[in-house]
Every structure is written in C-alpha cells, then in structure tokens.
Amino acid sequence: MTQRTGTDGAGAAATAADEQAPADQRDAAAIGARVLRLRRERGLTQRKLAEPAYTAAYVSTLEAGRVKPSEPALRHLAERLGVTYDELATGRPAHLATDLRLALTEAHGALAAGDTADAAERFTDCLDRARRHGLTAAQPAALLGLGECALESGHLDRARAHFEEAERLQAGEPLPRRAAAVRGRAVAHLLAGELRYACYLLETAIDRLNESGLHDPDALLLLYSAAIGPYMDMGAHARAAQAAELALALAPGATDPALVAGMHRSVARTLIAEGRTAEADASLAKAQELYQGLRLSADLAKCHWMRGYVHAQAGELDRAESELRTARAMLASRKAVLFTDQVEVELADVLRRRGRATEAGELLGSLLGRIGPERGAVHAAGAHRLLGLIAEDRGDAEAAEEHYVNALSLLERAGAAGDLADLCRLLGDLLRRTGRVEAALDVYRTGLGHRAAPGTTTLGPAPAAPPLGAGGPRAAGRP
C-alpha cells in the first residue's frame, strides 16, 4: 500500500497556504493537541495510529501543530482513535447537539413549572456550552429562554438584550424563525411603557411576513396575539379586534398548543372591551384548559388574572378578588415580580370597590416604589389613579390632584390613549369641582384629543391580513 506522508499524500510538509493563514494555524494546533491527547489516553504509539495509510513522522508533525490534516486524514485518525470525525475536527463532544436539546427542554420545563431561577441557570449553562463549542444554531434558543426568564423577573433591559442578541444570531434565518425574538423585544418594550414602539416592532414583522409570502401560522399567531395588548393599552380597540379576529382564524393551522392558548387569552381582552364578558370568560376557560394540559403555570396565572378582570367588569367583585388573589399567589411563587405588581393594581381596584379603601391604599403605596416610568408605566399610572380616587373619597382634593397628575405624566409617556382620556375626565371633574373651570376645560380638551380617532394609532395603516383561504379571517368565528 502506498504510504501517504502529508495532508494530500504528497509529502510531510503542510502547504504554503496553510502555513500563512493564521486561522488555519490555530486550527492545526488545536487538532494536533486533540490527536496527541487522545492518542496518549488510548496508549497508542504514533506509528500504530498512523498505520496503514500514514507514517509516524506525519503524525508527529500533525501533533506539533505544523500541519492541518486533510479530511481523509482526519477521518482515518478519528476511526483509529474511536471518536467521530466532527469531534476530532472541532473538539465538540459527539452528542453535544442532542444533549443541548435535552437540556433546553428541561430548562423550558423548569420555566413552565414556575422555577424561574432554576430555568435561568439551565439556559445560561446551555448558552455557555453552545458558545464554548461554537454551536451557533443552539444559542438563539437559550437566549430566548433567558429573555423569558428576565421578563418574568421584571429585568426588562436584560430581557431586551437577550432577545436582541437572539435576533442578531438569526439574522440569516427566515423571518418565521425570528418571530419569537421580535415578540420578546416587543413585550419588553411594552412592559417598559413604550407602547408605540412595541406596536411598530410587531406590525413591521407581520407586514414583512405577509409581503414575503412566508405565511407561517405559528409565527403570525404569535405576533398577532402579542399585538393585542399594546393596541388595547393605546386605546386602539378596533385594531385590537382585527388582530384578534386574524389570530382566531390562524389558530386552526397552528402546530403549537401554547400559542393557541395564548391567543385565547389575548382575544379575551377584545371581548372584554366590547362588553362580551361571557364570551371572554369562555375564551379564557379554553386557554386555562390548554395551559393546564401543558403545565404552563405562568400563563395559567395570567388566565386567572384576566378572569379576575372579567368578573370585576361584570361587577362580580367577590369572584374577581378570588381569581386575582390566585393569580398573584401563582406569579409570586414564580418570582415574577413585575407581573405580580400589575395584578396587585387590579386587586386594589377590586378592594376599593368592595369598600376596603384602606387595604387598597396600603397595597398601592407599597408597590409604587417598585413600578414606574421604566417598569410597568401603565400599571403605575393605574395605581396613581386609584390612589387619587381613594383620596377623593376621603375629601383630600389636593392629594387626589397630585396622584392624577402623576398618572397623566406616566400615560402620556406610554401613549396609552384610552386610559389618558379617562384620566383627563377624572382630573377635569376634580378641577371643576374646586372652582378651576378654565383649567378643567383644558384637561377635558386634552382628553377629547385622545378620543379623536378611536381605533387608530399614529403608526399608519394596520398590518395587511394574511391569506386565509376563501372563508377569510372571519370564517373561524369567535371562541
């Protein structure tokens, strides 16, 4: 048999290109070190490893890092050393990709079970391993998981950074693959009170998906469902209803039951706004059933939260309090700090309406130190609004005005048009009752301005609807 003594069987020296390329030199050194380590671990001589295709001198040159082996040479050495070609060429453990998929699944399980800290540790370990071994494809999944953990714990800047990095790593991927990162960024901006930018991110992604012909039901369902929240907070109820209709029409084609459950929860908000509380409760019941099957405790908690809101709107305050307390306990157990604070605002409203103003005021006072312009601006404004109402009830007009003005400032920054209009009415009524009629008129005009174009935003036309067959988006019907 002809003995090959170089990378191409033509000599023992590396090619000039290999010698001149720093990257190749680094690769050669790393591969040589691995071959040396594995050979010694297995008790093989250089000659025994080289035979029958190569020489001991070639193995010595390779182990010294002076030559980068060809693919045939690497495959021969890998077989003799009892490892895979990829493991010898890259240093990655043979089953690393499979192990990482399993670890990511377990991390998602920890997140779904409510152990955010454990989930974050698991996702971090997955990310570190993927980076260490150069597995770029596995990194976005770990970053998305870390982003969700950061959202749960209220670290919005950290969440946004994780989602942005995931999207950057997926820049060359089709847009449906990037939808989860876009949605994560939008939610982080929404929770930070940047409603318009959250809408912009979601609407831009939806339009690009539809224009490109990438009509992925899961991706579109994720984005349309995510858009409902900021639309509702901005007072764009017509646009929220349209997004809900499209989400419902997409649901039968979705492959992820968690997305379908999330869609039912989001659609309930539009039903509530339309006064259709029975249908909203039915939609939330469907979501709860799916979440229970999936054991997604965070989303199940949010269903209890929304059902509490539904009962409150219907005047069923005892049921509302029970649901909201359940939601708060579940979210608190997950250490989902920001969401827990937001539920407490809703609970305080119910307590005030049940005649327990002191308890409501104490609850609101304690949480205002934790939320504000950069963390839950809309709910911080809601807390000030409720404290203003409580102050009015006890005859303290000055304190009420201060809370209303604070709420107004927060809502103006967030662009929550519907809430702004309601707050302007409350502040205007207070100013009028205290004899400041001109100031009251100015505030009323401000409120009317926010109601001037119901169902719209300043973002231009709503995203185009995806093609959903001859039946159109309304064929699916309401839940």
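Here, the structure is the one placed above.
Let me begin by describing the structure that accompanies this report. (Residues numbered from 1 in each chain as written. Predicted model: local features only at pLDDT ≥ 70, side-chain atom pairs only at ≥ 80, totals over all residues. Heavy atoms only, no water.)

This part takes up helix H4 (residues 56–63). Among the 8 residues in H4, 6 count as buried, and that is most of the element. At the C-terminal side of H4, Gly65 shows a positive phi close to 80 degrees. (Buried < 20%, exposed > 50% of the residue type's maximum accessible area, 1.4 Å probe, protein only. Helix = DSSP H or I, 4+ residues; strand = E, 2+ residues; numbered from the N terminus.)

Moving on to the environment of Arg80. Tracing the backbone through its elements, the reader meets Arg80 in helix H5 (residues 71–81). Judged by its relative accessible area of 38%, Arg80 falls in the partly exposed class. Every residue in contact with Arg80, bar those within four places of it in the chain, is listed here: Leu44, Lys48, Leu49 and Glu51. A polar contact is formed between the side chain of Arg80 and the backbone oxygen of Lys48, at a distance of 2.5 Å. (Contact = heavy atoms within 4.5 Å. Polar contact = N/O pair within 3.5 Å; in protein donor to acceptor, adjacent residues only side chain to side chain.)

On to the packing of aromatic side chains, then. Scanning the model with the defined rule gives 3 aromatic pairs in all. Between Tyr197 and Tyr200, the aromatic rings sit 5.8 Å apart at their centres with planes inclined by 25 degrees, giving stacked as the arrangement. A residue pair is termed a helical-turn pair when its members lie 3 or 4 positions apart in one helix, as Tyr197 and Tyr200 do in helix H12 (residues 195–212) at 3 residues. Tyr197 gets classed as partly exposed once you look at its relative accessible area, which sits at 35%. Its relative accessible area of 43% is what places Tyr200 among the partly exposed residues. Ring geometry for Trp305 and Phe339: centres 6.5 Å apart, planes at 65 degrees, overall edge-to-face. Highlighted residues: Trp305 in helix H17 (residues 297–313) and Phe339 in helix H19 (residues 337–353), separated in sequence by 34 residues. (Phe/Tyr/Trp six-rings, centres within 6.5 Å; stacked < 30°, edge-to-face > 60°.)

What follows deals with the side chain of His384. Along the chain, His384 turns up in helix H21 (residues 377–393). We classify His384 as buried; its relative accessible area is 12%. His384 has contacts with Leu368, His403, Asn406, Ala407 and Leu410, leaving out every residue within four places of it along the chain.

Counting across every chain of the model gives 34 salt bridges. When the shortest N-O distance is used, the salt bridge between Arg370 and Glu344 registers 3.3 Å. Of this pair, Arg370 sits in the loop between helix H20 (357–367) and H21 while Glu344 sits in helix H19; the two residues are 26 residues apart in sequence, bridging distant segments of the chain. Its relative accessible area of 9% is what places Glu344 among the buried residues. Between Asp429 and Arg432 there is a salt bridge, and its shortest N-O distance comes to 3.6 Å. In this pair, Asp429 and Arg432 both sit in helix H23 (residues 417–433), 3 residues apart, roughly one turn of the helix. Each member of the salt-bridge network shares a partner with another, and the members are Glu321, Arg325, Arg354, Arg356 and Glu359. (Salt bridge = Lys/Arg side-chain N within 4 Å of Asp/Glu carboxyl O.)

The general pattern is negative phi for most residues beyond glycine and trans for most peptide bonds. Going from Glu51 to Pro52, the amide bond is cis rather than trans, its omega being 0 degrees. Tracing the backbone through its elements, the reader meets Pro52 in the loop between helix H3 (46–50) and H4.

Two numbers describe how helix H13 (residues 217–234) lies on helix H14 (residues 237–250): the axes approach to 8 Å, and their chain directions differ by 155 degrees. With respect to their mutual orientation, H13 and H14 come out roughly antiparallel. The hand of the H13/H14 crossing is left-handed. For the pair H13 and H14, contact is made by Pro217, Leu220, Leu221, Tyr224, Ser225, Ile228, Tyr231 and Met232 and by His237, Arg239, Ala240, Ala243, Ala244, Leu246, Ala247 and Leu250, respectively. Its residues assigned to classes, the contact of H13 with H14 comprises 13 nonpolar, 2 polar and 1 charged. (Axes fitted to C-alpha atoms, helices over the stretch in contact; angles between N-to-C directions. Parallel < 35°, antiparallel > 145°, perpendicular 65-115°, else oblique. Left-handed = near helix turned anticlockwise from the far one by under 90°. Nonpolar A, V, L, I, M, F, W, Y, C, P; charged D, E, K, R; others polar.)

Right, let's talk about the nonpolar core for a bit. In terms of nonpolar packing, the biggest core is built from 125 residues, with Phe123, Leu151, Leu223, Tyr224, Met263 and Tyr404 touching the most fellow members. Residues in contact with Met263, not counting those within four places in the same chain, are Leu221, Ser225, Ala247, Leu248 and Ala251. Formed by 18 residues, the second largest nonpolar core is a distinct cluster that contains Val35, Ala53, Leu81 and Leu88. (Core = buried A, V, L, I, M, F, W, Y, C linked by side-chain atoms within 4.5 Å.)

The next thing to look at is helix H22 (residues 397–414). Under the 1.5 Å per step criterion, the end-to-end length of H22 is 26 Å for 18 residues, consistent within 8% with the ideal 26 Å. The complete set of buried residues in H22 reads Ala399, Ala400, Tyr404, Ala407, Leu408, Leu410, Leu411 and Ala414. Just downstream of H22, Gly415 is the residue with a positive phi angle, here 75 degrees. (Expected span 1.5 Å × (residues − 1).)

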